[in-house]
Amino acid sequence: MPRVLVDAAAVPADRGALIRYVDGLVAALDRAGADLSVVCQRAEAERYRRLAPTAQVLPGPVAITNRAARLAWEQTGLPLLARHAGADVIHAPYYSIPLSSGLPTVVTVHDATWFTEPDSHTPRAAFFRSATRTAVRHAQRVIVPSKATRDELVRVLAADPTRIDVAYHGVDLAQFHPPSEEEIRRAAMRCGLHGQPYVAFLGALDPRKNVPNLIRGFAAAVKRLEKPPALVLGGGVHEDDVDAACREVEATVRVIRPGYLRAPDLPGFLGGALVVAFPRAARGSGCRCWRPWPAVRRS
């Protein structure tokens, strides 16, 4: 069985979607009996030992908490560590890869918005475009979460579709499940809803997520209702354009921004909503609304 080294040192410090992907990947590989090594930040080592109790957990040097130092170490120190660990394959779950490791490398590309929506990203977009282009060209296999992302990589980068594998995201049923009345009540209390029905959004409040248009569309949809639901924007940094959109809506339209929500509150938050909205415009990630589990509902 080949030994797989997962580079978890590259994931951002926030507890958002990417780290959930890496955590889920590591835990699932460990449960499946993979011969697994995990490279991570020193502060994350104990958590990965709990997530993957049979894996070899390798804390990286202290300096890689600095982004520039980590990128340099990725090209030099990571290949040395991989060979020392006896790895046969490196899996880089976040756009960039070591180029001279001498080992087969797999990279996960989560979307192609660095290319298709460049104006919606921070100034770091130029780096990520370059890193993604290089990774797609040099990695032995590329993993994407959807056929739409695969098609975008082929379109914008002329990527070889025979080296791209679509691996749909799984569902952590221990974390996300039909919520109990108590879970719904607790999440609503944390958001200050006091029994008011609501539409839920969960994600970073950055330009890619199209949140200002969600606010405007929601305000237009509920303006004639006598008792409109609230719009709850869970997660992320408050961007200026989100603040501006909130100022545009009438005072009777309630937009609540509770900030990051704790993981235990997510089933109740999502499951207690009238509808969950994902208004993102990117083709690779999709744009949709869906109704939560109907099994438990407020009367």
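Just so you know, these numbers come straight off a predicted model, no measurement behind them.

### A closer look at the packing of helix 8 (residues 211-222) against helix 9 (residues 240-248)
(1) Moving on: With their axes 8 Å apart at the nearest point, helix 8 and helix 9 run at an angle of 10 degrees to one another. Relative to helix 9, the element helix 8 is oriented roughly parallel. On the side of helix 8, the interface is formed by V211, P212, I215 and R216, while helix 9 contributes D241, V242, A245, C246 and E248.
(2) Moving on: By residue class, the composition of the contact of helix 8 with helix 9 is six nonpolar, no polar and three charged.

### Examining the pattern of salt bridges
(1) Moving on: This model, assessed by the stated rule, comprises 15 salt bridges.
(2) Moving on: For D35, the salt bridge identified is with R3, shortest N-O distance 2.9 Å. Taken together, the positions of D35 in strand 2 (residues 35-40) and R3 in strand 1 (residues 3-7) put the pair 32 residues apart, joining distant regions of the chain.
(3) Moving on: The exposure class of D35 is partly exposed, given its relative accessible area of 25%.
(4) Moving on: Linking R163 and D160 is a salt bridge whose minimum nitrogen-to-oxygen distance equals 3.9 Å.
(5) Moving on: For D160, a relative accessible area of 32% translates into the label partly exposed.
(6) Moving on: If you follow the salt bridges from partner to partner, you end up with R186, R190, R262 and D265 in one network.

### Some remarks on the packing of aromatic side chains
(1) Moving on: Applying the stated rule across the entire model yields seven aromatic pairs.
(2) Moving on: Judged by centre distance (5.2 Å) and plane angle (65 degrees), the ring pair of Y94 and Y95 falls under edge-to-face.
(3) Moving on: The exposure class assigned to Y94 is buried, which follows from its relative accessible area of 17%.
(4) Moving on: Given the relative accessible area of 4%, Y95 is considered buried.
(5) Moving on: Their ring planes at 80 degrees and their centres at 5.6 Å tell us that Y95 and W114 sit as a pair that is edge-to-face. Of this pair, Y95 sits in the loop between strand 4 (89-92) and strand 5 (105-108) while W114 sits in helix 4 (residues 113-116); the two residues are 19 residues apart in sequence, bridging distant segments of the chain.

### Overview of the sheet that holds strand 5
(1) Moving on: If you walk across this open sheet you meet the seven strands as 3-2-1-4-5-6-7, and the pairing is parallel. Only two strands of the sheet have a single partner each, and these edge strands are strand 3 (56-59) and strand 7 (164-166). Pairwise comparison of adjacent strand axes, ignoring direction, gives a mean angle of 20 degrees for this sheet.
(2) Moving on: On top of the sheet, helix 3 (residues 67-84) reaches strand 1, strand 2, strand 3 and strand 4; it is set at about 165 degrees to strand 1, its chief contact.

### Remarks on the pairing of strand 9 (residues 230-234)
(1) Moving on: Of all the five residues making up strand 9, five are buried; the element is thus mostly covered by neighbouring parts of the structure.
(2) Moving on: Following the chain from strand 8 (residues 198-202) across helix 8 to the adjacent parallel strand 9, one finds a crossover that is right-handed.
(3) Moving on: Summarising the sheet, strand 9 and strand 10 (residues 255-259) pair through three bridges and their orientation is parallel. Residue pairing in the sheet places G234 in a bridge with G259 of strand 10.

### Remarks on the confidence of the model for the protein
Should the pLDDT be low somewhere, the predicted coordinates at that spot are not to be read in detail.
(1) Moving on: Within the protein, residue pLDDT values average 87, and 89% of them lie at 70 or more.
(2) Moving on: Contacts of residues 283-289 to residues separated by more than four positions or lying in other chains number 20 contacts, the stretch itself having pLDDT below 50.

### Remarks on the pairing of strand 8
(1) Moving on: Counting buried residues in strand 8 gives four out of five residues, a clear majority hidden from the surface.
(2) Moving on: Where strand 8 lies against strand 11 (residues 275-278), two bridges are found, and the strand directions are parallel. Residue pairing in the sheet places A200 in a bridge with V276 of strand 11.

Each value, and the rule that gives it
Per chain, the residues get numbers from 1 upward, laid out in the order the sequence is written. Residues qualify for local features only when their pLDDT is at least 70, as the model is predicted, and side-chain atom pairs are given and counted only at 80 or more; totals for whole chains, interfaces and linings, by contrast, use all residues. For side-chain calculations, the full set of non-hydrogen atoms in the structure is used, while hydrogens and water are omitted. Lines fitted to C-alpha atoms define the axes, with helix axes restricted to the stretch in contact, and inter-axis angles between N-to-C directions lie between 0 and 180 degrees. For the purposes of this entry, the term helix denotes a DSSP run of H or I that reaches at least four residues, the term strand denotes a run of E that reaches at least two, and both are numbered from the N terminus. Orientation is classified from the angle alone, with under 35 degrees giving roughly parallel, over 145 giving roughly antiparallel, 65 to 115 giving roughly perpendicular, and any other angle giving oblique. Contacts are assigned to residue pairs with any non-hydrogen atoms lying within 4.5 Å of each other. Gly falls in the polar group here, along with every residue not listed as nonpolar (Ala, Val, Leu, Ile, Met, Phe, Trp, Tyr, Cys, Pro) or charged (Asp, Glu, Lys, Arg). Throughout this description, the term salt bridge denotes a Lys or Arg side-chain nitrogen within 4 Å of a carboxyl oxygen of Asp or Glu. Any residue under 20% of the maximum accessible area for its type is buried, any over 50% is exposed, and the rest in between are partly exposed; the area is computed with a 1.4 Å probe on protein chains only. Centre distance within 6.5 Å is the pairing criterion for rings of Phe, Tyr and Trp, where only the six-membered ring of Trp is used; planes under 30 degrees apart are then read as stacked, over 60 as edge-to-face, and the remainder as tilted. If DSSP finds at least two bridges between two strands, the strands pair. By convention, orient the strands away from the viewer: a clockwise path from the first strand over the helix to the second makes the crossover right-handed. pLDDT expresses, on a scale from 0 to 100, how confident the predictor is about each individual residue.

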